[in-house]
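Structural description and commentary
What follows is the residue order along each chain.
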Amino acid sequence: MNNCEATISVDSMAVGCDIVEISRIREAAQRHPRFLRRVFSPAEIAECESRPNPWQSFAARFAAKEAVIKALPAGCSPALTEMEVLRDPAGKPQLFFTGAAAGLVEKSGWNGWSVSLSHDRDHAIATVIAWRTKREEAMRCDL
């Protein structure tokens, strides 16, 4: 039995969600050779291209970036390449912010982020939750 405990006091939160047709991402990349480099970081491109169906991975990450923008305050539109969705060693997607995007995220006050990705044959979806904690406490998960 899993015994997971997480104690975080949340002051406020925001949610963003986006769905994308996988074929639209594939077609955009095929029509515009620089599309992938304008939207994804080199690490994201390498990670997606290592997957059996890279277009599902690209589409899910594109949806995650759109979901991040929806979770940020109005008027915050960071560069897409400065928002990275990369998998941790266990395979769980994580959000990373670099450059000016890191500054926008800091200004927004959101200091915790979670992302969930999914896809079927035709669509990819991402949900992002951002939160501001009053105080952060240790989290543990005994599996």
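The model shown is predicted, which means the values in this text are computed figures rather than measured ones.

1. Quick notes on the pairing of strand S2 (residues 83–87)
- With 4 of 5 residues buried, S2 lies mostly within the body of the structure.
- Turn length for the S2-strand S3 (residues 93–97) hairpin, with the two strands adjacent in sequence and antiparallel, is 5 residues, and the turn residue Gly91 shows positive phi of about 95 degrees.

2. Notes on the nonpolar core
- Membership of the largest hydrophobic core comes to 38 residues, with the highest contact counts inside it found for Phe35, Phe40, Val68, Leu95, Phe97, Trp113 and Val128.
- The dominant element in this core, judged by the number of residues it contributes, is helix H4 (residues 54–71), at 9 residues.

3. Structural notes on the pattern of salt bridges
- In total, this model carries 4 salt bridges according to the counting rule given.
- Note that Lys65 is salt-bridged to Glu44, the shortest N-O span being 2.9 Å. Of this pair, Lys65 sits in helix H4 while Glu44 sits in helix H3 (residues 42–49), and the two are 21 residues apart along the sequence.
- For Lys65, a relative accessible area of 1% corresponds to the buried category.
- Overall, Glu44 belongs to the buried group, its relative accessible area being 0%.
- With its nearest N and O atoms 2.5 Å apart, the salt bridge here joins Arg61 to Glu47. On the criterion of sequence distance, the pair formed by Arg61 in helix H4 and Glu47 in helix H3 is long-range, its members being 14 residues apart.

4. Considerations on the confidence of the model for the chain
- Scored by pLDDT, the chain comes out at a mean of 89, with 86% of its residues at no less than 70.
- The secondary structure element of the chain with the lowest average pLDDT is strand S5 (residues 123–142), at 75, and the one with the highest is helix H1 (residues 22–31), at 98.
- Segment residues 136–143 is flagged for pLDDT under 50; beyond a separation of four residues in sequence, or across chains, it makes 15 contacts in the model.

5. Some remarks on the packing of H1 against H4
- The interhelical angle for the contact between H1 and H4, taken along N-to-C directions, is 100 degrees, at an axis separation of 9 Å. Considering their axes alone, H1 and H4 lie roughly perpendicular with respect to each other. Contacts between H1 and H4 involve Ile22, Ile25, Arg26 and Ala29 from the former and Trp55, Gln56, Phe58, Ala59 and Phe62 from the latter.

6. Quick word on the packing of aromatic side chains
- As enumerated under the stated definition, the model contains 3 aromatic pairs in all.
- Summarising the aromatic geometry, the rings of Trp55 and Phe58 are spaced 5.4 Å apart at their centres and angled 40 degrees between planes, so their arrangement reads as tilted. Remark: Phe58 and Trp55 occur in helix H4; sequence separation between them is 3 residues, near one turn of the helix.
- Classification of Phe58 as buried rests on a relative accessible area of 1%.
- Where Phe97 meets Trp113, the ring centres are 5.1 Å apart and the plane angle is 55 degrees; that geometry is what we call tilted. Residue Phe97 is found in strand S3, and its partner Trp113 is found in strand S4 (residues 112–119); the two are separated by 16 residues along the sequence.
- For Trp113, a relative accessible area of 18% gives the class buried.
- Taken together, the ring pairs connect Phe40, Trp55 and Phe58 into an aromatic cluster.
- Between the NZ or CZ atom of Arg132 and the centre of the ring of Trp110, over which it lies, the distance is 4.3 Å.

Scoring rules and cut-offs
Residues numbered from 1 in each chain as written. Predicted model: local features only at pLDDT ≥ 70, side-chain atom pairs only at ≥ 80, totals over all residues. Heavy atoms only, no water. Buried < 20%, exposed > 50% of the residue type's maximum accessible area, 1.4 Å probe, protein only. Helix = DSSP H or I, 4+ residues; strand = E, 2+ residues; numbered from the N terminus. Pairing = 2+ DSSP bridges. Core = buried A, V, L, I, M, F, W, Y, C linked by side-chain atoms within 4.5 Å. Salt bridge = Lys/Arg side-chain N within 4 Å of Asp/Glu carboxyl O. pLDDT = per-residue confidence, 0-100. Contact = heavy atoms within 4.5 Å. Axes fitted to C-alpha atoms, helices over the stretch in contact; angles between N-to-C directions. Parallel < 35°, antiparallel > 145°, perpendicular 65-115°, else oblique. Phe/Tyr/Trp six-rings, centres within 6.5 Å; stacked < 30°, edge-to-face > 60°. Lys NZ or Arg CZ within 6 Å of the ring centre and 35° of its normal.

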